Amino acid sequence: MKYHRIPVGPFATNCVLVEDPETHDGIIVDPGGDGTTIVDRIDTLGIHPVQIVLTHGHMDHCLDTSNLAVQYGVPVAMHAEDLPMYQNLAKQVEALMGPAAAAAFIPDKMVEPTVFLEGGHEVTFGKTTAKVIHLPGHTPGGIGLLFSDEIPVLVCGDTIFRDGVGRTDLWGGSWETLLESINEKVFALPDDTLLVSGHGAETTVGREKQHFPY
Ligand SMILES: [Zn+2]
Ligand SMILES: [Zn+2]
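Residues numbered from 1 in each chain as written. Chains lettered and ligands numbered in written order. Predicted model: local features only at pLDDT ≥ 70, side-chain atom pairs only at ≥ 80, totals over all residues. Heavy atoms only, no water.

J.: Which parts of the structure should I look at to understand helix α7 (residues 175-186)?
T.: Given 3.6 residues to a turn, an α-helix orients residues that are three or four positions apart in the same direction. In a regular helix each residue adds 1.5 Å, so 12 residues correspond to 16 Å; α7 covers 15 Å between its end C-alpha atoms and thus fits that length. Looking only at α7, the buried set comprises Leu178, Leu179, Ser181, Ile182 and Val186. Relative to the axis of α7, the buried residues are bounded by an arc of 155 degrees and lie together on one face. The exposed residues of α7 that point more than 90 degrees off its buried face are Glu176 and Glu184. On the buried face of α7, the contacting elements are β10 (153-157), β11 (160-161), β12 (164-165), β13 (194-197) and α8 (205-211). (Helix = DSSP H or I, 4+ residues; strand = E, 2+ residues; numbered from the N terminus. Expected span 1.5 Å × (residues − 1). Buried < 20%, exposed > 50% of the residue type's maximum accessible area, 1.4 Å probe, protein only. Arc of directions from axis to C-beta. Contact = heavy atoms within 4.5 Å.)

J.: For this particular structure, what's the right way to read the pattern of salt bridges?
T.: Where charged atoms from two side chains of opposite charge approach closely, those side chains can pair. Under the definition given, this model contains six salt bridges. Among the ionic pairs, Glu202 bridges to Arg5, the shortest N-O distance being 3.2 Å. Residue Glu202 is found in the loop between β13 and β14 (203-204), and its partner Arg5 is found in strand β1 (residues 2-8); the two are separated by 197 residues along the sequence. You can call Arg5 partly exposed: its relative accessible area is 27%. Overlapping salt bridges bring together Asp163, Arg207 and Glu208 as one network. (Salt bridge = Lys/Arg side-chain N within 4 Å of Asp/Glu carboxyl O.)

J.: Is there a simple way to think about the pairing of strand β2 (residues 13-19) in this case?
T.: Along any regular strand, the residues point their side chains to alternate faces of the sheet. In terms of burial, β2 is a largely internal element, seven of the seven residues being buried. Hairpin connection of β1 to β2: four residues between the antiparallel strands, including Gly9 at a positive phi of 75 degrees. Bridge count for β2 against strand β3 (residues 25-29) is four bridges, and the pairing is antiparallel. Looking across to β3, one finds that Leu17 is bridged to Ile28. What sits between the antiparallel neighbours β2 and β3 is a turn of five residues, in which His24 has the positive phi angle 65 degrees. (Pairing = 2+ DSSP bridges.)

Structure below.
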């Protein structure tokens, strides 16, 4: 696989374009805003998107989901446990950006996810396959996408960051569950596994394990 990390939107969320290097089929992970920037990158890179995947249902990871789903005619995939959050995108947006911004996110204007991913499922595009890992804690339906390349890559949403972990004080968050996801699933991966988080720069499993205070 080949990936491109694009910080977008009001919270510099990492939208991650992942492409199959041979066929250039790709997926758009977390289109959290700045849709035109994402489209420009897709055009420049010559990627052919086949699916949108949401690591979780927080607004800063979903803002341009419907726009891009319509533009490319592709399905939206996420874990079913975060669907209520996605369906309440308007409420999330209103709380953070005001009622005018929320108007675009009333449910009948939104593209509903039709693909529901669970731990152990696979996401395939071109000749590339990612394994879905359920990473609850930051939200109930948080997921990571694991690419078992020579150097493995985990696109892990807001579960773990370079020098930090996801907050658990929002709806459905659980500190114990987050630690379980990190210790038992993320840290079970090889030390050289590259972590592409929902915000900030890449890190590795080995680096975060070394500094992990919990
Ligand atoms: Zn989040
Ligand atoms: Zn986030």
